[in-house]
Amino acid sequence: MSGRHAWTMQLFHQPRGARASQKQVFIPESRPTPKNDVGIRLNVKHRPFPEEVDKIPFVKADLSIPDLHDIVDKELEMQHDKLRGVMAKQIEYETMLEHGSEERWSIKSFPDVLTDCKPPTPSQEFQTARLFLSHFGFLSLEALKEPGNSRLPPHLIALDSGLPGFFDDMSYLDLLPCRPCDTVFLFYMKAGQKSSHEILRNVESSANVQHHFLEFLMSLGWPVEVGQHPGWTGSVYTSWSINNHNNNGDSIQPDDTITLGDTGGGVFNGEKRVLYYADALTEIAFVVPSLTDSSAESSESSFPTVDSDSQMELLPNLLKQSNLTLELFPNHSDNVAPAQRSPTVKSKKMPPGRTIPPMGPETKVLVVWVERYDDIENFPLADLLVETSTGVETTANSSTSTRPTTSGQDVQVIFIHPLKTGLFRIRLHGALGKFSMVVPLVDGMVVSRRSLGFLVRQTVINACRRKRLESDSYNPPHVRRKQKIAEVVNRYRNKQLEPEFYTALFQEVGVSSLDRDPTPDEL
């Protein structure tokens, strides 16, 4: 329930340095070449008894058996000569065979293909669940027994993956976030500007923004590709792209080589790239909305397009599936006004066969960089709210979907004004008595350039965390994942006796349907 994790183990019989220079895996070491010239050969004639035996005088018992030449007559002499000749021929024949064998061995290549001992080929199919379960202490008789005075299931449960909907529930479990997801939208407001189009057009070129603003952006998080990022990207339509490639087919450069280029931060508008920050407790996506062609065309008309209407009609159908039992408002449809839908979100479509997990209350914060402090009162907050859609407000499983956040009083805004002294003045805007009490930034504070990014990020984390705690119907991510796991266990549990379970587990690979990776069939 703490998230999706995987452990991989591989046994090596070589040190790390030898493995680094090895091109292929599972290549056995070659046999060393023989060294026949090692050592000194001595021609020693071995005796059956030591030499001191010949010095011992004979007794009468030793002479009771006569020697062979004492009893040989002419007839036995002929037979003896014949036997001596046969033995001489045999010795000559065996000597010839020995020399011939040595000559053949000397001209043979090493190692011999016929007689060389080779290690067996590595096994490609083996049971990984047994080793995994044994290391975690689950292979015991007590692990399969249900507790007597508790409703908790046993420690080890077999799941039937052949039931319909099993892998759909596994995919849905992977979509459940393991950490709270927050979104920050950043705007740049030049002196004297009042229109939302002018503010969105500022980040299209680096000449329209101050260099301190670009430095502030890069201090908030690190750049990630939306199509390849497995975490939160600021929108439910593009987040959690597990094993997903770029749909447009464009070649995407690695994250380390992503730069701002000539843009004023508009490259992180959420279409292809965003700024991302995560730790063990939360993850944040920093989005810089820009005035793209699609948003300019859609903003001219307040009527929704056909694609957006069909997409909005598709969401409730996806959320009505039987396996989505964690909905907070299952009967609530997406009654979002056209003015509340972001033009950039309209162009995004939900991938086929994918659903939106419950996200809880919508937590987003606006950060505005103002060149002139007096322009804060003229900031068009209501007009820019349509550019800050994350998709959470359109889902029926949001705890705040029945109360759309269109009022400027409900949106938390952090204004940053650069001073001539090199410091930055902070102005907080939001619900009085709640957002004004969030630390470390407070209203009217003046901070340095080095600490600006860290303080803004920490303030956003604390503000979003406080908003979630104020929601009575909010469940933490680990609770939602725990509920989903319990639902999967109750729905797909394969109740077997202990002998049946271990018999199915210890069969040969490819015989039993349970012999597969331990996730998720065995856990």
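Residues numbered from 1 in each chain as written. Predicted model: local features only at pLDDT ≥ 70, side-chain atom pairs only at ≥ 80, totals over all residues. Heavy atoms only, no water.

As recorded by an unreviewed UniProt entry, the protein chain carries the name Ral GTPase-activating protein subunit beta and is attributed to Oncorhynchus mykiss. Under Function (unreviewed entry), UniProt gives the following word-for-word description of the protein chain: "Non-catalytic subunit of the heterodimeric RalGAP1 and RalGAP2 complexes which act as GTPase activators for the Ras-like small GTPases RALA and RALB." (UniProt positions renumbered as here; feature names shortened; annotations may be inferred.)

Chemist: Explanation requested: the side chain of Q193 in the structure shown.
Modeler: In this fold, Q193 is placed in the loop between strand 1 (181–189) and helix 6 (196–201). Polar contacts involving the side chain of Q193 include one to the main-chain amide nitrogen of K190, which spans 3.2 Å. Sequence-distant contacts of Q193, defined by excluding residues within four places in its chain, comprise Y188, E198, I199 and N202. (Helix = DSSP H or I, 4+ residues; strand = E, 2+ residues; numbered from the N terminus. Polar contact = N/O pair within 3.5 Å; in protein donor to acceptor, adjacent residues only side chain to side chain. Contact = heavy atoms within 4.5 Å.)

Chemist: I keep staring at the confidence of the model for the protein chain and nothing clicks. Help me out?
Modeler: Low-pLDDT stretches of the model should not have their predicted coordinates read in fine detail. Looking at the protein chain as a whole, the pLDDT averages 76, with 72% of positions reaching at least 70. Predicted confidence is poor over residues 293–347, with pLDDT under 50, and the contacts of this stretch with residues over four places away or in other chains come to 92 contacts. (pLDDT = per-residue confidence, 0-100.)

Chemist: Whenever I open this one, the packing of aromatic side chains confuses me. Can you help?
Modeler: A ring pair, where both rings are aromatic, is described by two values, the distance of the centres and the angle of the planes. Across all of its chains, the model carries 12 aromatic pairs by this definition. Consider the rings of F213 and W369, whose centres lie 5.6 Å apart with planes at 75 degrees: the pair is edge-to-face. In this pair, F213 sits in helix 7 (residues 211–220) while W369 sits in strand 5 (residues 364–370), placing the two residues 156 residues apart along the sequence. Considered together, F213 and W369 belong to a single accessibility category, that of buried residues. (Phe/Tyr/Trp six-rings, centres within 6.5 Å; stacked < 30°, edge-to-face > 60°. Buried < 20%, exposed > 50% of the residue type's maximum accessible area, 1.4 Å probe, protein only.)

Chemist: For this particular structure, what's the right way to read the pairing of strand 6 (residues 412–418)?
Modeler: Along any regular strand the residues' side chains alternate between the sheet's two faces. The buried fraction of strand 6 amounts to 7 of the 7 residues, a majority that puts the element mostly inside the structure. The pairing of strand 5 with strand 6 spans 5 bridges and is parallel. The residue of strand 6 that forms the bridge with V368 is F415. Hairpin remark: strand 6 followed by strand 7 (residues 424–429), antiparallel, with 5 residues in the connecting loop; positive phi at G422, about 90 degrees. (Pairing = 2+ DSSP bridges.)

Chemist: Quick question: what am I supposed to make of helix 14 (residues 498–505) here?
Modeler: Owing to its 3.6 residues per turn, the α-helix brings residues three or four apart onto one side. For helix 14, every residue scored as buried is listed here: F501, Y502, A504 and L505. Taken down its axis, helix 14 places every buried residue within 160 degrees of arc, on the same side. (Arc of directions from axis to C-beta.)

Chemist: Before we go on, may I ask you to explain a nonpolar patch on the surface in this structure?
Modeler: On the surface, I40, L42 and V44 cluster together to form a nonpolar patch covering roughly 370 Å² of accessible area. When you line up the elements, L42 lands in the loop between helix 1 (16–20) and helix 2 (68–71). (Patch = residues over 30% accessible without salt bridge, like charges linked within 9 Å, V, L, I, M, F, W, Y side chains within 5 Å. Areas by Shrake-Rupley, 256 points an atom, 1.4 Å probe, with all protein chains shown as cover. Salt bridge = Lys/Arg side-chain N within 4 Å of Asp/Glu carboxyl O.)

Chemist: Looking at this structure, how should I read the packing of helix 5 (residues 166–175) against helix 13 (residues 477–492)?
Modeler: Between two packed helices, what matters for the description is the angle formed by their axes and the separation of those axes. The contact between helix 5 and helix 13 brings their axes to 11 Å, and the two run at 170 degrees. It follows that helix 5 is roughly antiparallel to helix 13 by the angle criterion. Taking contact as the criterion, the partners of F166, D169, M170, Y172 and L173 in helix 5 are, on helix 13, R481, K484, I485, V488, R491 and Y492. Per-class residue counts for the contact of helix 5 with helix 13 are 7 nonpolar, no polar and 4 charged. (Axes fitted to C-alpha atoms, helices over the stretch in contact; angles between N-to-C directions. Parallel < 35°, antiparallel > 145°, perpendicular 65-115°, else oblique. Nonpolar A, V, L, I, M, F, W, Y, C, P; charged D, E, K, R; others polar.)

Chemist: When you look at unusual backbone geometry in this model, what are you seeing that I'm missing?
Modeler: Look at the link from V439 to P440: it is a cis peptide, with omega at 10 degrees. On the secondary structure map, P440 appears in the loop between strand 7 and strand 8 (446–447).

Chemist: Is there a simple way to explain a negative patch on the surface in this structure?
Modeler: Side chains of E94, E98, E102 and E103 sit close together on the surface and give a patch of like negative charge. As for its position among the elements, E103 is in helix 3 (residues 74–107). The class for E103 is exposed, based on a relative accessible area of 54%. (Lys, Arg positive; Asp, Glu negative; His and termini not counted. Charge placed at Lys NZ, Arg CZ, Asp CG, Glu CD.)

Chemist: What am I meant to see in the nonpolar core here?
Modeler: The nonpolar side chains of a soluble globular protein tend to be buried with one another. Judged by nonpolar contacts, the single largest core of 33 residues is most densely connected at L186, F216, I416, L452 and V456. For this core, the secondary-structure elements that each account for two or more residues are strand 1, helix 7, strand 3 (273–278), strand 4 (283–287), strand 5, strand 6, strand 7 and helix 12 (449–470). Here this core takes 6 residues from helix 12, the largest share from any one element. Residues contacting F216, with those up to four places away along its chain left out, are L186, V367, W369, I416, L452, G453 and V456. (Core = buried A, V, L, I, M, F, W, Y, C linked by side-chain atoms within 4.5 Å.)

Chemist: Would you mind going over the sheet that holds strand 7 with me for this structure?
Modeler: Sheet strands pair by backbone hydrogen bonding; their relative direction is either parallel or antiparallel. If you walk across this open sheet you meet the 8 strands as 2-3-4-1-5-6-7-8, and the pairing is mixed. Where the open sheet ends on each side, the last strands, each with one partner, are strand 2 (222–225) and strand 8. As judged from the 5 bridges shared by strand 1 and strand 4, these two strands associate in the parallel manner. Residue pairing in the sheet places D182 in a bridge with I284 of strand 4. Across the sheet, helix 7 touches strand 1, strand 2, strand 3, strand 4, strand 5, strand 6 and strand 7, and the angle it forms with strand 1 is around 175 degrees. Packed onto the sheet, helix 12 meets strand 1, strand 3, strand 4, strand 5, strand 6, strand 7 and strand 8 and runs at close to 170 degrees relative to strand 6.

Chemist: Could you clarify how one ought to interpret the environment of S205 in this entry?
Modeler: You can see S205 is positioned in the loop between helix 6 and helix 7. Remark: the alpha-carbon pair of S205 and G265, spanning 60 residues in sequence, is separated by 8.0 Å. Apart from the residues lying within four places of it in its own chain, the contact partners of S205 are D262, T263 and G264.

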